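Next come the chains, spelled out residue by residue.
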Amino acid sequence: MRGCRRSSPRGRFGRVSAFNDIRDYVAIPRVLSLKLSPDGSRLISAVQSLNPDGKSYGTALWAIPVDGEPYRLTRSAKGESAAVFTAAGDVLFTSARPDPTVKDATDEVPALWLLPRAGGEARQVASRAGGIGAVRTAGDVVVFSADVLDGEESADADKRKARKDAGISAILHEQFPVRYWDHDLGPGRPRLFAARLGADRLEDVRDLTPDAGDALRQGTFELTPDGASVITTWQVYLPKGESRTDLVVIDVATGERRVLLSEDGHDFGGPLAVSPDGTRLACARDRRTGYDVSARSTLWIADLATGQGREYAPDAFPTDVQWAPDSSAVYLVADHQGRRPVFRVPLDGEVTRLTGDDAAYLHVNPSPDGRFVYALHSGVALAPGPARIDAVTGEVTDLPSPAPRPEVPGTLAEVTATADDGATVRGWLAVPETASAADPAPLVLFVHGGPLGSWNDWQWRWQSWILAQQGYAVLMPDPCMSTGYGQEMIDRGWGNWGPRTQADLDAIVDATLERDDIDAERTAAMGGSYGGYMANWLAGHTDRYKAIVTHASLWNLDQFAGTTDAAMYWQREFGEPGGERYQLLSPHNSVDKITTPMLVIHGDKDYRVPIGEALRLWWDLRRTEVDAKFLYFPDENHWILKPGNIVAWYETVLAFLGHHVLGQEWKRPESVA
C-alpha cells in the first residue's frame, strides 16, 4: 500500500535560476498579494524586494493589467502595503513615507495615501499618531483601524508625546495576552474609524468604537457594499484568561453595535466576505478546543439581518473566501490532500473543486462579469504569481508576473505510506537533479509547523529547494494533525503529539527510503515550530538520523505553555500545568537518550515559542555532552526575516548537515565567522 507519483511544476512564467547562491535567492522579489479593480481591468499587488542597502526588504505596489504587462506604481524608502481600490478605481494604501506637503515631516508610523487612477503623485489623505492599519472602502465611505491610547481619541497624540518625553515605556495590562508573535500589545488599543473620501483628505472622521477596549485586538473587519455597516471580530474576555471571538455589526452612520454571531464553544472570524447583494456573510467558524476536543474549522454563511446561518464545506479550514458576483456561491480556498485548491460552494447545491492541479491558491478575486477568478497561483515547486481561472472549466492561465519565478533544481514526487494504524500518510519529495540509482541522494526529513498545517505551497523562509541544490532529497510529509485530510487525521494526533506523529513519520520515511535514488544510510531530520518540537522528540526517541536541526522549537512543554503568547490555547489541549500530558509529551524528559548531533536555532524576539525553550535546550545538551551548536538571532522572531540573517541561517544549516551527513570537514560559515 505504498507508492509515489512524479509531478512536474506547471505554468511557470519568467523562470530563473537562483539556488546556486543563497544571496541570489534572498534577492528574488516576492509577490505578496492580489486585488482586482472594481471594473475588472487590472490587479494590484504588493511586491517585496531587497532595499538598496541589501540589509532589509521593502515593498512597492505594482499594477497588473489583466491583458497586459505589469508596471510599478509606487517607490519610497518606507514601502507601501494594505492596498485597496476605491469605487472610482483610485488606490488607497498605507505607508510611513514622509508627507511632502508638511515641513520637516518625520513620519514613523503608517499613514493613508491615495494614488489617483488617472496618474500623478500619491497624496496623504489621513494620518494618526498611532498609525493606520487595515482599510476598507465602499462608495465614498472609508473605514480604517488605528491604535489609540485609552481615553478620548482627540488627546491621543498629546498622550503619546507625554509618554515619550517622560521616557515611559511601561504598559499596565488587565487582560491576557500581553504579546503576540513578535510584538508587545499596548499601550494603544485598536479602534475602527469611519470617514468620507473628500477632495484632498478624508472628511467627517468618526470613532466607531470608542468603548472597544481590547475587543479589536488581532481582529479583522469588512464593509458592506453600500458602506452602511461594518462587520468585525469582537473579543469577549472570559474568566481564567480565556476569551471568545464573536462577530458584530456596527452601523457606520450611528456607531450602534449589535451582535451578529456568538456561540459558546465556538469562535467566529476571518476570512470574512460580505455578499455583493449585502444580505449574507461568509466566515470561519472554529470549534473551541479542549482536552478531548480537537480543532475543527468550517465555512459558515449567515444572514446579515437575522444572524441565522449554517455550516458549509465541513472540515474545510477556510484560508480565503470571496463571493461570486451574483451572490449565489462562495469561492473557498482550503487545504486538500497536499494542495490548496479553489472550491465553488453554492448556497444551494454540492461543493465542487474548481482547480484540479497540484497548486495552492490565495487572494481570490472573482471578475465582475463572473467569467473568471483571479488569484495568486503557487505550489511547493512554484513561486507565487498572478493567474486567471476560468470560473466554469477551472482552466488556469498564468499572467505576466511582476516578479520572476525561479526554476527549481529538481523534480517533485508524491510519496504515500500506510501507518501502523492503517491511516494513509502522504507528502512531497523534492528530488535533486543529481539523484539516481547509481548516485542516491541523502535524505532530509522536514517536518512542518502548526501542528495544524500542510506542505502545499512555496516557502520563502524554509526553502527545500536550497537543500536540493546541494544534492539532498527533501521529504515534506503531512502526518497526523495536518489539514486537508478530514477531521479524523487531526483527531489521531490530538493530545498525543510525539508518539503518534513519530509513527506517521517513520512510515513515510521507510517508504521513501525504498526508492533506489535515495541513500538510506545518510539521513537527517529538521523542523521549525511544531516541526522543531518533533525534531526534539525524534532526537530523544530514535538514532536513525545522522543530524537534527531544530528551529524555534518547543522543549519543555510545562515551561512553554506558561510563557507563550497564547498560553490559553495550549492549556486547552494539554490540561492544567504539570498534568499528565506535559510529562508524556515533553521532549526534555528524554534528554539523556539523545546521541544525535543537533543544531539549535532560535530568535530572541520569538513570543510564540519564547527564547527560554532554546536556552533550556542548549543548556541540557551542553550538560549531557551532546554534540551540538546554537545559532542565535538576537533581533529575529519566530521566523528569520532579515536578508543577512537568512544567509547565515542557510549557510549554517548546510555546513552542519554537510559535516554530519556528508562527512565533510566542519568549517564555520563566513556569515557567522
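Refer to the preceding data block for the structure.
The paragraphs below set out a description of the structure included in this document. Source: prediction; values computed, not measured.

Some details on the pattern of salt bridges
Then comes step 1: Applying the stated criterion across every chain yields a total of 43 salt bridges.
Then comes step 2: Between R23 and E651 there is a salt bridge; the shortest N-O distance is 3.0 Å. In this pair, R23 is assigned in helix α1 (residues 22-26) and E651 in helix α11 (residues 643-660), connecting sequence segments 628 residues apart.
Then comes step 3: With relative accessibility at 19%, the residue E651 sits in the buried group.
Then comes step 4: A salt bridge links D398 to R405; the shortest N-O distance between them is 3.3 Å.
Then comes step 5: Residue D398 is classed as buried on the basis of its relative accessible area, which comes to 18%.
Then comes step 6: The network of salt bridges with shared partners includes E263, R285, R296, E311 and D315.

Things to note about the nonpolar core
Then comes step 1: In this structure, L429, L445, W497 and Y533 are the most contacted members of the largest nonpolar core, which totals 59 residues.
Then comes step 2: In contact with Y533, other than residues within four places in its own chain, are W497, G498, S553, L554, L557, L585 and P587.
Then comes step 3: The next biggest cluster of nonpolar side chains, apart from the first, holds 45 residues, and it includes I22, I28, L412 and L599.

Considering the packing of aromatic side chains
Then comes step 1: One pass over the full model with this rule turns up 24 aromatic pairs.
Then comes step 2: Judged by centre distance (4.9 Å) and plane angle (90°), the rings of W497 and Y530 are edge-to-face. Here W497 is found in helix α5 (residues 497-513), whereas its partner Y530 is found in helix α6 (residues 530-541), with 33 residues between them in sequence.
Then comes step 3: Look at W497 and you get buried, because its relative accessible area is 1%.
Then comes step 4: Classification of Y530 by relative accessible area gives buried; the value is 3%.
Then comes step 5: Measuring from centroid to centroid gives 6.5 Å for W570 and F574, while their planes differ by 20°, and the two rings are stacked. Of this pair, W570 and F574 both sit in helix α8 (residues 567-574), four residues apart, which is roughly one turn of the helix. Just as W570 is buried, F574 falls in that class too.
Then comes step 6: Chaining the aromatic ring pairs together yields one cluster made of W497, Y530, Y533, W537, F560, Y569, W570, F574 and Y582.
Then comes step 7: Here the basic side chain of R97 rests over the ring of W113, its NZ or CZ set 5.1 Å away from the ring centre.

Calculation notes
Residues numbered from 1 in each chain as written. Predicted model: local features only at pLDDT ≥ 70, side-chain atom pairs only at ≥ 80, totals over all residues. Heavy atoms only, no water. Salt bridge = Lys/Arg side-chain N within 4 Å of Asp/Glu carboxyl O. Helix = DSSP H or I, 4+ residues; strand = E, 2+ residues; numbered from the N terminus. Buried < 20%, exposed > 50% of the residue type's maximum accessible area, 1.4 Å probe, protein only. Core = buried A, V, L, I, M, F, W, Y, C linked by side-chain atoms within 4.5 Å. Contact = heavy atoms within 4.5 Å. Phe/Tyr/Trp six-rings, centres within 6.5 Å; stacked < 30°, edge-to-face > 60°. Lys NZ or Arg CZ within 6 Å of the ring centre and 35° of its normal.

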